[in-house]
Amino acid sequence: MDWAQESVFSSGCILKLEDGQDNDDKIFRLKNGQKVHFVLGTSLAYKEVTVYTDSPESAQQQQQQGSNDSSNFRALQWRNPGKIGDKSSVLATVEFTTAGSFRYYFSYEGNEKAGCGYFLIEPTLLVGNDNEVLPLDAVSMQTVMSKSLGKFSSWESRLQVSRESGYNALHFTPIQMLGGSNSSYSIGDQLSLNPKFSEGEKEKLNMDKMANFTEKLRKEWKMISLVDVVWNHTSNDSEWLKANQDCTYNLQNSPHLRPAYILDRAIFYFSVMVGQGTLARFPGGLVKDEGDLKVIKDLLLRTVIPPLMLWQFFQCDLDAELAKYKNIIESKNLPAKCDSKDCVIGIVQDPEYKRFGCTIDMDKAVNQFYFAYDCDFEKGFQALEKTVQWLNDSQRSTVEDDTAAGLESTISTLKYERLDPNGPKLGKLTKEHPIVTKYFHHTYPDTIVETDEKMIMNDPNKAKDIMAKNGWVMNHNALENFAHLPHMVYFKRQLICWGDSVKLRYGEKPEDCPYLWAKMKDYTERMARAFHGLRIDNCHSTPIHVAEYMLKAARAVRPDLYVFAELFTGSEQVDNLFVNRLGVNSLVRECLNAWNSHEEGRLIYLYGGEPIASFNKSSIPILRSGRAHAIFYDVTHDNESMMGKRSIYDVIPSSALVTMSCCAVGSNRGHDELVPEHIHVVHDDRLYREWKGSSDSADFAGIGSGMIKVKKCLNDWHHQLAVRGFSQVFVDQRSEDVVAVTRHNPDTHFSYIMVAHTSFADGKPQSACEPLRVEGKINKVVMEVRPSVTGKATKHFVDSFAKNAHVINGVDNFGLELNTNVEVPESKCISVTYEEENRTSIVNLTDFTPGSVVMFEVEPTDDIKSFIKRVCDIGADFDKIVKKLSLNTMNYVLFCCEQEQKTFNSSFDCFQVPDWRNLTYCGLMGVALPMQTIKSKNDLGHAICNNLRQGDWLLRYMSSRLERYDDTSLLGDWLDIKFRLLSKIPRFLVPTYFERLIGGIIHRMLNACWKKMSPFVQDGGPFVRALSLASVALCSDVKGAKLPQVPDDKLKVNKVDKMPSLAAGLPHFATGHMRCWGRDTFISMRGLLLLTGRMHEARQIILSFAGALRHGLIPNLLSEGKNPRYNCRDAVWFWLQSIQDYCNIEGSYDLLNAEVFRIYPNDSSPPQLTVTTAKKTPLSEMMQVALNMHADDIIFTERDAGEKLDRNMSEKGFEVRVSTDFATGLISGGNEHNCGTWMDKMGESDRAANKGQPATPRNGAAIEIMALCMSTTRWLHDVRKEGHFPYEGVKYRNLKNKMAKCTWKEWGDRIKKSFRKSFYVPVDDPSEHVHKRGIYKDTHGASKPWCDYQLRPNFAVAMVYAPELFKTEEAWGALELAHEKLLGPLGIKTLDPDDMQYRGDYDNSIDNEDEAVSKGFNYHQGPEWLWPVGFFLRAKLYFARNNPERLKKTVEFIQSYLVGVQQALDSSDWLGLPELTNSEGKFCKDSCPIQAWSHSSFLELMYDLGKVEQ
């Protein structure tokens, strides 16, 4: 519960660990310097968990590690910031000191990897001479093709265009020497710069100059620089490959590629033949139509591929294999026999991929065809022959299917490249442009296929020179290398091949290819030194372990490295895994992928920001996974131009919408200059234009070029919105083509709204849409832009465009009208009217043609600002009101379930939230608890939020309920004022500020509650504080369940005007006669009232129940003393124990002299409920009466016995018997027809015939009653000795029927003497009823002897009250056995699961023929109750106290166990621990969700735990 947490969590966030929790594909983004606190979830509560992380303790350590250390994990230390035994905050903390990706995993004994995940720490990007922080969401990046920048001395003037366009980040394509194709991504030498940069320069460019240049851009231009790294391939003609062929996949080190090479050569030779016009069908080598494609396909399928007999590479030589088999049989050199399932032959692939080189496993063959045929050679030989032939045929069939599928891919590629209108239209088939790009780099003369095959098979050196090219494979698993077996991508023709680059072969570790790893590491480090970030090219095809290694090296050079990547895996989970393992800070996402404006709006919302009116982050936020951070491009350098794909009128709107994204954004150089075609990374050798601000020359770019002035405005606003905290986003589809995007500041509540009229195609009319209603005032139009020309098609501008032969120019005649900081009345795009009453601006779009964009600022009105401020200001006046409230009144304010509420004011039910459910409490916690969960999940769509946005119903309910109750009227008035203010702010903000107000109120009120409690609570940790709130939730003055009056007490402690009673649990035991249970009240008293400091309430309850004493018993059900029921024999002993506990905690015995109104002067008298008729008697006398009655035997039949009193009990069940055997000191009672202890379930089912039968009679001497008696006699002996108790013992009738006296000490001594013999089951116990030995019996002298021997948890209760009755090692052995057999995740089994009567799941609604469960008969026959757990663990603490190692392990176990208990409490809708759970901690629908003794026993445990630790 957040409100109970201490300052230990004041910084950082919490990650709860659960067993088996694999978070590898979850993104946890954090900033440098943040902390994560690991806490244990329920499933790990029992475990000794160790958390490991490779996050360094300092940035210096990270740099020292570099890329050579593959594992630098360190164990985190668990620490406990709680107080007084409260281990609920045990945590292990990691603080991040450097950027990057850091892994964590956790383990425990027997499970080395119980869970794992990653943390992604953002780099800190600094720009300017003052090192201003550039947030990732403020990045506006432009991609430039480095080769188009020309000589280095001209870079600044060419890049000035980017600066003037408002970008703060530059992405450079590779700056290395390029290969023969001149493609920007086919690098010739990774360690050499492109020589074109130095052409005509006085000095050759080097990396130092490059680094100085990027640093100048960072400081003077406030621009960071990033560069591509290409690790996956290199140019075919890279000089360094000649001596290092093993750096590639060649036909020597990768022989599985040989069949693919043969097929590739055959297709190439056929292509050359067609291109040369050899076939009459293809004069001039042209493929003209679909018919030509069909002919080519048929020729390949029928005449080219079959002669290759490719299947032979995958078959074995039948005759040779049969001969080997025959030789083995004849030589009698037989293998060992094996299981027939493991001995089935198959084709063993030849690793060299020679024709008929495959083999058969002869050991398997002999087993399958010789041994299995009873060594009949002929039969086995024939079967083997048929099987091998069938295997060969199967291989052939598979190969033919693969080649047919590959042929389809080949024809599809041919069609796209030659016939598709959107394809490259390559034209004639040539050697340079064959049917399909060659898959292998082949430097030898072209001959014929047969010659090529002989060469690669016979000449290893030449085979080594033939290298596989790179490319990408559609829908391939990005985590697997497609060039490796078992993938046959090259053979199946699945590769979309890049003809100018060969794929690099790293192996699994640097030792596998030292030269390549070293070279690429050097290359990567050089780039990291000179640039502020890296873009990973072709990330999805780069072996992930290679990228990890390289990036680790890069971060050792530059810790705050910004890494982004293009990543197309087809799976968000796989994307996330790449992001995590590599520490990718941003993924490239493309606006151009949207097919309409609605999809474009969805992408804007998807890639950044939180919803408007999101809740403020908790002071102790739970770490939640999110989406990978995006860099959202309007157009990337890989895509065609926007005007080519959509229309020229969409260039401005879509670019503008992208800049409203709350993430990094990007664009491609050329887009802003309206270059109409795709600037090709391979073929375009033109240079970018240089900057001349006002130039009209096509050779230069200026402010009027393309949309540069517009883009600068957009980029500036993107940066401002990020750094000024406009972190919330709303996207509104106003019409088919009009999209509105709002960026909102959650602190100031200013907003900026952009409306854009997209135009995905030419000819779009001005879109009609409804006026935009905006709560607040529109101060100004910060920008508006419209095309100055409308109605002309994109083709008009493209056709009139003159392409410059030397520089990359764009359309300069598409006029744009840009205006900034326009007064609203002067706007050409919108008109605004303001509704004063609603504080709402009505925005109409006026001359808003396709291609138009308008952006305006919305300010909350002054009174709204005032309202918000006043709502959030809780102030001292609230504290004064709260300070005067008693804890009893706090119950009404905070809690009060519906049944309780009805006794105060029947007109109030629990508030029903439409489309959800009723709140659990009528008090403030009823809404505060779900709001806490709603806030943590930012669940703005929750029904409560919807209700708050729609009206004030919940607000009026909360305030009026308090106003109508005298004790809380002032608070109700205060709330009403706040809620009236709240209802005046914009409705979309109401849930946010309602939560902030309620959260603040609850925080203060709970602190006020805790201040009224004991130091144990005040100084306790979060768990103790949360547990203690049950004292407030369950203790109240409820009409119809009042306590009998108590005489005026001169010794009152913490006087309160009312006498609250303690509910056993809610909601089942809230009101009426079912509220006050004697047993439950006094089991709960020490923990809920005494330890929490509520001494006066405890005193009143003790004295009230004392007044109702009758027959030597206190009531099981009090019923205000009017109709009490005396059918339990244990409540009186818990009452006596509570008196002892009160005196011990108070440090005074004055309570013993306090007077009691005796309601029943004798056992047969009617109740004396008025002050005038009731007799006053000292409490000590009432105690003596109870003890004397037990000494003299208690025998009576309940009054009004019969169906009116209990419709389920039989006649004999109403007979109450308690007797004491003073020879042993043992107290026995009950019979087999009733159940007088806490295990009190009476059968109710006629159908199952268990009605009137108690499930657990526990008649005889119950072990916990004997311990309570021992505790009482021991204490009374001491108190009597000190002169505080007037009675020295009891009188009883002995065996001679004479009166005898027994002192308290004598009674205790007799119990001590007889206890072990009566209750312990030694390992040599010969009894036929023994089920388990080394335990303590549950009862002694039961009418059914086997019931005595049932293993139940009651002996642990006895151990706490009278540990002196137990021998330490015997006690420990019994506790350990119970630990193994009974202890569950949250409660303890009420019966041994090995017992034939065990039924672990309780469902009171079942009514069937099964006697054991019908109508909940198994209530105490296995379900796991919580209250005995506290006693069980306290007993373990006690009996471990003299063994340091045992005590240490016990404390550690209890601490881990309590994690699950706290989580159950934290997740409770009632802020409570339940009465019980079903087996193994499963939810039980019939359990009270909050139970008094559950809370009490754990509070007592926490108290004892604190004492042990002290």
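Residues numbered from 1 in each chain as written. Predicted model: local features only at pLDDT ≥ 70, side-chain atom pairs only at ≥ 80, totals over all residues. Heavy atoms only, no water.

Novice: Break down the overall build of the protein for me, with residues and values.
Specialist: Counting its secondary structure elements, the protein contains 42 helices and 60 strands. Dimensions along the principal axes, computed over C-alpha positions, put the protein at roughly 135 × 105 × 60 Å. For the protein, the residues scored as buried account for 60% of the 1510 residues in total. Counting only contacts in the protein whose residues sit at least 6 apart along the sequence, the fraction spanning at least 24 positions is 73%. Working note: accessible area of the protein is about 58100 Å², and carbon and sulfur atoms make up 48% of it. Distance between charge centroids for the protein: 4 Å, based on 177 positive and 195 negative side chains. (Helix = DSSP H or I, 4+ residues; strand = E, 2+ residues; numbered from the N terminus. Buried < 20%, exposed > 50% of the residue type's maximum accessible area, 1.4 Å probe, protein only. Contact = heavy atoms within 4.5 Å. Areas by Shrake-Rupley, 256 points an atom, 1.4 Å probe, with all protein chains shown as cover. Lys, Arg positive; Asp, Glu negative; His and termini not counted. Charge placed at Lys NZ, Arg CZ, Asp CG, Glu CD.)

Novice: How would you summarise helix 19 (residues 862-872) if you had to cite specific residues and measurements?
Specialist: Turning to helix 19, its buried residues are Ile864, Phe867, Ile868 and Val871. Buried positions in helix 19, seen along its axis, are confined to an arc of 95° and lie on one side of it. Turned more than 90 degrees away from the buried face of helix 19 sit Asp862 and Lys869, all of them exposed. (Arc of directions from axis to C-beta.)

Novice: Which residues make up the sheet that holds strand 49 (residues 1215-1221), and what are the values?
Specialist: Spatially, three strands are ordered 48-49-50 in an open sheet, and the strand pairing comes out antiparallel. A strand with exactly one partner marks an edge of an open sheet, and here the two such strands are strand 48 (1194-1197) and strand 50 (1226-1229). If you compare each strand with its neighbour and ignore which way they point, the axes differ by 10° on average. By the bridge criterion, four bridges tie strand 49 to strand 50 in an arrangement that is antiparallel. Directly across from threonine 1220, in strand 50, lies its bridge partner isoleucine 1227. (Pairing = 2+ DSSP bridges. Axes fitted to C-alpha atoms, helices over the stretch in contact; angles between N-to-C directions.)

Novice: Summarise the packing of aromatic side chains; cite the residues concerned and give the values.
Specialist: In this structure the tally under the stated criterion is 70 aromatic pairs. Geometrically, the ring pair formed by tyrosine 1126 and tyrosine 1160 is edge-to-face, given 6.5 Å between the ring centres and 85° between the ring planes. Here the residue tyrosine 1126 occupies a position in the loop between helix 32 (1095-1107) and helix 33 (1131-1146), and tyrosine 1160 occupies one in the loop between strand 46 (1155-1158) and strand 47 (1175-1178), the gap between them amounting to 34 residues. Each member of the pair tyrosine 1126 and tyrosine 1160 is classed as buried. Linked through ring pairs, Phe1134, Trp1238, Tyr1361, Tyr1402, Tyr1419, Trp1425, Trp1427, Phe1431 and Trp1493 together constitute an aromatic cluster. Here the guanidinium or amino end of lysine 47 rests over the ring plane of tyrosine 108, the centre of that ring lying 5.2 Å away. Just above the ring of tyrosine 105 sits the side chain of lysine 113; from NZ or CZ to the centre is 4.8 Å. (Phe/Tyr/Trp six-rings, centres within 6.5 Å; stacked < 30°, edge-to-face > 60°. Lys NZ or Arg CZ within 6 Å of the ring centre and 35° of its normal.)

Novice: Lay out the sheet that holds strand 17 (residues 224-229) with the relevant residues and their values.
Specialist: An order of 13-14-17-24-25-26-28-29 is seen for the eight strands of this closed barrel, with the pairing classed as parallel. Taken pair by pair, the neighbouring strands of this sheet meet at an average axis angle of 30°, ignoring direction. Note that strand 14 (residues 169-172) and strand 17 share four bridges and pair parallel. When the bridges of strand 17 are listed, leucine 170 appears paired with serine 225. Docked against the sheet, helix 11 (residues 514-530) engages strand 17 and strand 24 (533-536), running at close to 165° with respect to strand 17.

Novice: How would you explain the state of the cysteines if you had to name every residue and give the values?
Specialist: Taken as a whole, this structure holds one disulfide when the rule is applied. Between cysteine 338 and cysteine 343 runs a disulfide, and the two sulfur atoms are separated by 1.4 Å. Of note, the bridge from cysteine 338 to cysteine 343 carries an S-S torsion of about -105° and is left-handed in sense. Its sulfur unpaired, cysteine 591 is 11 Å from the next cysteine sulfur, which belongs to cysteine 663. Cysteine 945 supplies the cysteine sulfur nearest to cysteine 872, a cysteine that is in no disulfide, at a spacing of 16 Å. (Disulfide = S-S within 2.5 Å.)

Novice: Explain the packing of helix 23 (residues 925-937) against helix 27 (residues 990-1011) to me, using residue names and the numbers behind them.
Specialist: Their axes nearest at 10 Å, the elements helix 23 and helix 27 cross at an angle of 120°. Relative to helix 27, the element helix 23 is oriented oblique. Two packed elements cross with a definite hand, and for helix 23 against helix 27 that hand is left-handed. Packed against helix 23, whose contacting residues are Met925, Val927, Ala928, Met931 and Lys935, the element helix 27 presents Pro991, Phe994, Glu995, Ile998 and Ile1002 at the interface. A breakdown of the residues in the contact of helix 23 with helix 27 according to their chemical character gives eight nonpolar, no polar and two charged. (Parallel < 35°, antiparallel > 145°, perpendicular 65-115°, else oblique. Left-handed = near helix turned anticlockwise from the far one by under 90°. Nonpolar A, V, L, I, M, F, W, Y, C, P; charged D, E, K, R; others polar.)

Novice: Hey, could you go over the environment of phenylalanine 314 for me, with residue numbers and the actual values?
Specialist: Its place among the elements puts phenylalanine 314 in the loop between helix 5 (290-304) and helix 6 (318-331). Assessed through its relative accessible area of 9%, phenylalanine 314 is described here as buried. Taking the C-alpha atoms as reference points, phenylalanine 314 and methionine 273, separated by 41 residues in sequence, lie 29 Å from one another.

Novice: Tell me about the nonpolar core, residues and numbers included.
Specialist: Within the largest apolar cluster, 221 residues are counted, with the highest numbers of intra-cluster contacts made by Leu894, Phe994, Met1005, Trp1135, Trp1307 and Tyr1336. Broken down by element, this core gets its largest block of residues, 12 residues, from helix 27. Ignoring sequence-local partners within four residues, the contact set of tryptophan 1307 consists of Trp1133, Leu1187, Thr1220, Phe1222, Gly1225, Ile1227, Cys1269, Thr1273, Val1290 and Cys1302. (Core = buried A, V, L, I, M, F, W, Y, C linked by side-chain atoms within 4.5 Å.)

Novice: Lay out unusual backbone geometry in plain terms, naming residues and giving numbers.
Specialist: Residues leucine 485 and proline 486 are joined by a peptide bond in cis, for which omega reads 10°. Summarising the element assignment, proline 486 is placed in the loop between strand 22 (467-473) and strand 23 (495-503). Cis geometry marks the peptide bond from leucine 1066 to proline 1067, where omega comes out at 0°. For proline 1067, the position within the fold is in the loop between strand 45 (1065-1066) and helix 31 (1078-1090). Within the chain, alanine 613 stands out as a residue other than glycine whose phi angle is a positive 70°. Within the element layout of this structure, alanine 613 appears in the loop between strand 27 (610-611) and strand 28 (630-633). With a relative accessible area of 5%, alanine 613 lands in the buried category.

Novice: Report on the pattern of salt bridges, specifying residues and quantitative values.
Specialist: Taken as a whole and judged by the stated rule, the model has 97 salt bridges. Here lysine 31 ties to glutamate 122 by a salt bridge, and the two come within 3.1 Å at their closest N and O atoms. Of this pair, lysine 31 sits in strand 3 (residues 29-31) while glutamate 122 is found in strand 10 (residues 111-122), placing the two residues 91 residues apart along the sequence. Taking relative accessible area as the criterion, glutamate 122 reaches 11% and is therefore assigned buried. (Salt bridge = Lys/Arg side-chain N within 4 Å of Asp/Glu carboxyl O.)

Novice: Summarise the side chain of arginine 1129; cite the residues concerned and give the values.
Specialist: With respect to the helices and strands, arginine 1129 occurs in the loop between helix 32 and helix 33. Lacking a salt bridge, the buried arginine 1129 has glutamate 1264 as its closest oppositely charged neighbour, with an N-O distance of 7.3 Å. At 2.3 Å, the side chain of arginine 1129 and the backbone oxygen of arginine 1258 are in polar contact. Those residues in contact with arginine 1129 that lie beyond four places of it in its chain are Leu1113, Val1218, Gly1229, Gly1230, Gly1236, Thr1237, Pro1257, Arg1258, Asn1259, Gly1260 and Ile1265. (Polar contact = N/O pair within 3.5 Å; in protein donor to acceptor, adjacent residues only side chain to side chain.)

Novice: I'd like a description of the environment of aspartate 374, backed by residues and values.
Specialist: Mapping aspartate 374 onto the fold places it in the loop between helix 7 (362-371) and helix 8 (377-418). A residue is classified by how much of its surface remains accessible, and aspartate 374, at 70% relative accessible area, is exposed. Along the sequence, aspartate 374 and lysine 337 sit 37 residues apart, while their C-alpha atoms lie 12 Å from each other.

Novice: Could you give an account of the packing of helix 20 (residues 875-883) against helix 27, naming the residues involved and the relevant values?
Specialist: Running from N to C, helix 20 and helix 27 cross one another at 40°; their axes reach a closest spacing of 10 Å. It follows that helix 20 is oblique to helix 27 by the angle criterion. Crossing geometry of helix 20 relative to helix 27 is assigned as right-handed. Across from Gly875, Phe878, Asp879 and Val882 in helix 20, the residues of helix 27 making contact are Ile1001, Arg1004, Met1005 and Ala1008. Here the residues of the contact of helix 20 with helix 27 are counted per class, giving five nonpolar, one polar and two charged.

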